Each structure stands twice: as structure tokens, then as C-alpha cells.
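An overview of the molecular structure
The chain contents come next:
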Amino acid sequence: MPERSKDWLAQAERDLEVAQSVLKDGFYEWGCFISQQAAEKAVKGLFQYLHAEAWGHSLTKLLKQLPDSIRPSGELIKVAHRLDKYYILPRYPNGFDSGAPKDYFDLEDTEGAIQDAIQIIKFCQSKI
């Protein structure tokens with residue numbers, strides 16, 4: 001399998017741009033989800049660089065599976081844990097008792113998700 005870490009990182013950065021764009025338009029639930037996706041793609045790019053396979057969507061789990069020599073600090077794991085919450089809930093109404101995801105996410109959520117994604121992307125870039 002060819003090593004394509006740069007492609008994964010390029011798409012992570014593009015996804016981050018999309019998250020920032022939808023933030024401006026008030027699509028907060030999508031900004032949260034896309035931020036999670038940006039971080040996930042960066043982590044999967046790091047796995048590509050290491051010639052390792054990454055399965056699943058949990059950033060927390062993926063980061064904990066990195067080799068000891070590059071596994072991130074507990075603080076970045078907490079960042080990943082926050083972003084993990086944005087994989088399903090922003091997309092599906094049945095994640096809540098009533099209402100649609102658009103009713104539950106706000107500017108602060110999205111700004112935080114974008115900042116969290118930036119931290120993970122920077123971490124991955126620093127290891128590639």
C-alpha cells in the first residue's frame with residue numbers, strides 16, 4: 001500500500017477550512033462534525049506515515065493506539081475525547097429526546113471543536 005499521509009493531512013486541513021466556513025454561516029452542528037472529521041483524517045494520516053492500520057472513528061482510541069514513542073500526552077487525549085462526542089450527535093435527531101441536532105449546538109461548541117481539531121492536526125503534522 002502506498003504511503004499517502006500527505007494526502008490525509010491535506011484533506012484534514014481542507015475539512016478544517018469547511019468547519020470554519022460553516023461556523024460563519026451558523027451551521028454549528030456541521031462545524032462540530034467536520035472538526036471531528038478533520039482531526040480523524042489527520043490521525044489516520046499519521047497512521048499511514050507509520051505504515052500502520054487505523055480502524056474506527058474514535059480519536060481517543062486511535063491516539064492511544066499510537067506507539068509509546070509518539071503517543072500524545074493525557075491533555076491531547078482529553079481533546080480527542082471532546083471531539084469524539086461530535087461524531088454522531090451532530091448528524092442524527094435520534095441522539096436527543098426531541099428536536100434536531102441544529103437545536104443543540106451553538107457558536108461556542110463549534111469554536112471549541114475547531115480549536116480542538118487544530119491541536120490534533122498540529123500534533124500529527126509534528127510527527128510526520
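Here goes a summary of the coordinates provided. Please read these numbers as outputs of a predicted model, since none were measured by experiment. (Residues numbered from 1 in each chain as written. Predicted model: local features only at pLDDT ≥ 70, side-chain atom pairs only at ≥ 80, totals over all residues. Heavy atoms only, no water.)

1. Some thoughts on the packing of aromatic side chains
Let me state the cut-off plainly: Stacked, tilted and edge-to-face are the three classes applied to pairs of Phe, Tyr and Trp rings, where Trp contributes its six-membered ring and a pair requires centres within 6.5 Å; stacked means planes under 30 degrees apart, edge-to-face means over 60, and tilted covers the rest. Numbering of helices and strands runs from the N terminus; a helix is a DSSP stretch of H or I covering at least four residues, while a strand is a stretch of E covering at least two. Per-residue accessibility, obtained with a 1.4 Å probe over protein chains only, is compared with the maximum for each type, and a residue is labelled buried under 20%, exposed over 50%, and partly exposed between these values.
Scanning the model with the defined rule gives five aromatic pairs in all. Relative to Phe 33, the ring of Trp 30 lies with its centre 5.7 Å away and its plane at 80°, an arrangement referred to as edge-to-face. Linking Trp 30 with Phe 33, this pair stays in helix H2 (residues 28-49), spanning three residues, or about one helical turn. Using a relative accessible area of 11% as the deciding quantity, one classes Phe 33 as buried. Measuring from centroid to centroid gives 6.2 Å for Phe 96 and Phe 105, while their planes differ by 75°, and the two rings are edge-to-face. Taken as a pair, Phe 96 and Phe 105 share a single burial class, namely buried. Taken together, the ring pairs connect Tyr 86, Phe 96, Tyr 104 and Phe 105 into an aromatic cluster.

2. With respect to the pattern of salt bridges
Between side chains of opposite charge, a pair can form when the charged atoms approach closely. To keep things clear, this is the line we draw: The term salt bridge refers to a pairing of a side-chain nitrogen on Lys or Arg with a carboxyl oxygen on Asp or Glu at a separation within 4 Å.
One pass over the structure, following the stated rule, counts six salt bridges. For Asp 7, the salt bridge is made with Arg 4, and the minimal N-O distance between the two is 2.8 Å. With a relative accessible area of 40%, Asp 7 lands in the partly exposed category. Asp 68 is the partner of Arg 71 in a salt bridge, and the nearest nitrogen-oxygen pair spans 2.6 Å. The partly exposed category is assigned to Arg 71, whose relative accessible area is 36%. For Asp 68, a relative accessible area of 62% puts it in the exposed group.

3. So, the nonpolar core
The line we're drawing: In this description, a nonpolar core means a group of buried Ala, Val, Leu, Ile, Met, Phe, Trp, Tyr and Cys residues linked to one another through side-chain atoms lying within 4.5 Å. Any pair of residues with heavy atoms lying within 4.5 Å of one another is described as a contacting pair.
Val 43, Leu 63, Leu 83, Ile 120 and Cys 124 are the most contacted members of the largest nonpolar core, which has 36 residues in total. Among the secondary structure elements, those contributing two or more residues to this core are helix H1 (5-24), H2, helix H3 (59-64), helix H4 (74-84) and helix H5 (107-127). With residues up to four places along the chain from it excluded, the contact list for Ile 120 reads Ala 39, Val 43, Leu 59, Leu 63, Leu 76, Val 79, Ala 80 and Leu 83.

4. Here's the deal with the side chain of Thr 110
Within the secondary structure, Thr 110 is located in helix H5. Here Thr 110 falls in the buried class, since its relative accessible area comes to 0%. Excluding residues that lie within four positions of it along the chain, Thr 110 makes contacts with Leu 23, Tyr 28, Gly 31 and Cys 32.

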